[in-house]
Amino acid sequence: MIVAEELYKSFKRVGASRRKPAHEQRIVAVNSVSFKADDGCITGLLGPNGAGKSTTLRMLATLVKPETGTASIDGYDVSKHVLQVRQHLGFMPHNAGIYPRLTARENIQYYARLCGLNRKDSLQRSGELIEQLTMTKFADRRANGFSQGQKTKVALARALVHRPQTIMLDEPTNGLDVMATRGLRDIIRQLAADGHCILFSSHIMQEVAALCDHIAIISDGIVAIEGSLNEILGRTGQTDLEDAFVSATQALSKGDDE
Ligand SMILES: Nc1ncnc2c1ncn2[C@@H]1O[C@H](COP(=O)(O)OP(=O)(O)OP(=O)(O)O)[C@@H](O)[C@H]1O
Ligand SMILES: [Mg+2]
């Protein structure tokens, strides 16, 4: 389970003049992000480019520290219990940097060892994932030159290798063809049915509407609304997610103006 409460993170603006006021020297990537993602559910973090999705996921994955606000993964605070969070969490980052000189299998095994699996378990677990994710044909090829779909599968296998309870995927279907997207959706559904907590980020409304039990809409670093698709439609008075998205984010910017 993931709980995020008022997460905030800014970055130094490259090349900003020191004479500018302090707030103009920084970019606020995540302003106020609060939401909950339950076990056995697929939760979608839906927002446009630059909304703060990746920064939010990186904070939850303990890769970036929140400046203010708190978050926990399976009850472990992301700032205080980094090791436990990493044990409970599988994270597939956007453009996952897999090692091009290693084969797919070696990439997965290497990650398994980093996660603390012994040699025998890491061999066995990578074999299992290679079968499950239908990677047999390219498992023993070096990753250099892999297609987007092949890279995504390796990255997903790496995220799942230590059997984490909570799984976060940053734009997982980016660059995947229709069949690969379908395959990934089936895997995500199965993981949720097995009781895992799944959080994935996307800017694609249809994908989120089709797959998610719970949706958090993020815009300009703020979660504007969260709930099931029907709850969001009901609360915004709309009939489709795209209109609900516009309505929720406009309500947010009106609130800012006042
Ligand atoms: N390391 C960084 N340094 C400076 N600015 C950053 C950094 N990381 C993120 N930002 C800025 O924070 C904002 C949010 O970025 P983020 O990557 O979280 O958005 P996103 O919702 O994942 O977007 P996308 O859909 O394009 O992946 C953007 O304006 C981005 O330029
Ligand atoms: Mg992103």
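No experiment lies behind these values; they were computed from the predicted model shown.

Reading guide: rules and limits
- Residues numbered from 1 in each chain as written.
- Chains lettered and ligands numbered in written order.
- Predicted model: local features only at pLDDT ≥ 70, side-chain atom pairs only at ≥ 80, totals over all residues.
- Near = placed C-beta within 6 Å.
- Helix = DSSP H or I, 4+ residues; strand = E, 2+ residues; numbered from the N terminus.
- Nonpolar A, V, L, I, M, F, W, Y, C, P; charged D, E, K, R; others polar.
- Expected span 1.5 Å × (residues − 1).
- Buried ≥ 20, exposed ≤ 12 C-beta atoms within 10 Å, placed from the backbone.
- Contact = placed C-beta atoms within 7 Å.
- Axes fitted to C-alpha atoms, helices over the stretch in contact; angles between N-to-C directions.
- Parallel < 35°, antiparallel > 145°, perpendicular 65-115°, else oblique.
- Left-handed = near helix turned anticlockwise from the far one by under 90°.
- Core = buried A, V, L, I, M, F, W, Y, C linked by C-beta atoms within 7 Å.
- Pairing = 2+ DSSP bridges.

This part takes up the site of ligand 1. Every residue close to ligand 1 is listed here: Phe11, Ile27, Ala29, Gly47, Asn49, Gly50, Ala51, Gly52, Lys53, Ser54, Thr55 and His203. Going through the elements one at a time, β2 (26-37) and α1 (53-60) are the ones with two or more residues in the shell around ligand 1. Here the shell around ligand 1 takes 3 residues from α1, the largest share from any one element. Tallied by class, residues from the shell around ligand 1 come to 4 nonpolar, 7 polar and 1 charged.

The end-to-end C-alpha distance of helix α5 (residues 148-160) is 18 Å, a good match for the 18 Å that 13 residues give at a rise of 1.5 Å each. Turning to α5, its buried residues are Lys151, Thr152, Lys153, Val154, Ala155, Leu156, Ala157, Arg158, Ala159 and Leu160. Contacts from the buried residues of α5 go to β6 (89-92), α3 (104-114), α4 (119-132) and β7 (166-170).

Their axes nearest at 9 Å, the elements α3 and α4 cross at an angle of 130 degrees. Judged by the angle between their axes, α3 and α4 are oblique. Considering the relative orientation of α3 and α4, their crossing is right-handed. In this structure, α3 contributes Arg105, Ile108, Gln109, Ala112 and Arg113 to the contact, and α4 contributes Ser122, Leu123, Arg125, Ser126, Leu129 and Ile130. Here the contact of α3 with α4 is built from residues that sort into 5 nonpolar, 3 polar and 3 charged.

If you look at the biggest cluster of nonpolar residues, it comprises 67 residues, and the most contacted ones within it are Leu60, Ala157, Met168, Ile217 and Ile218. For this core, the element with the most residues is α5, which contributes 6 residues. Excluding residues within four positions of it along the chain, Ala157 makes contact with Ile108, Leu129, Leu133 and Met135.

The buried fraction of strand β10 (residues 222-227) amounts to 5 of the 6 residues, a majority that puts the element mostly inside the structure. Two elements, strand β9 (residues 214-219) and β10, share 5 bridges in a ladder whose sense is antiparallel. Bridge pairing links Ser219 to Ile222 in β10. Taking the residues between adjacent antiparallel strands as the criterion, β9 and β10 are bridged by 2 residues, where Asp220 takes a positive phi near 50 degrees.

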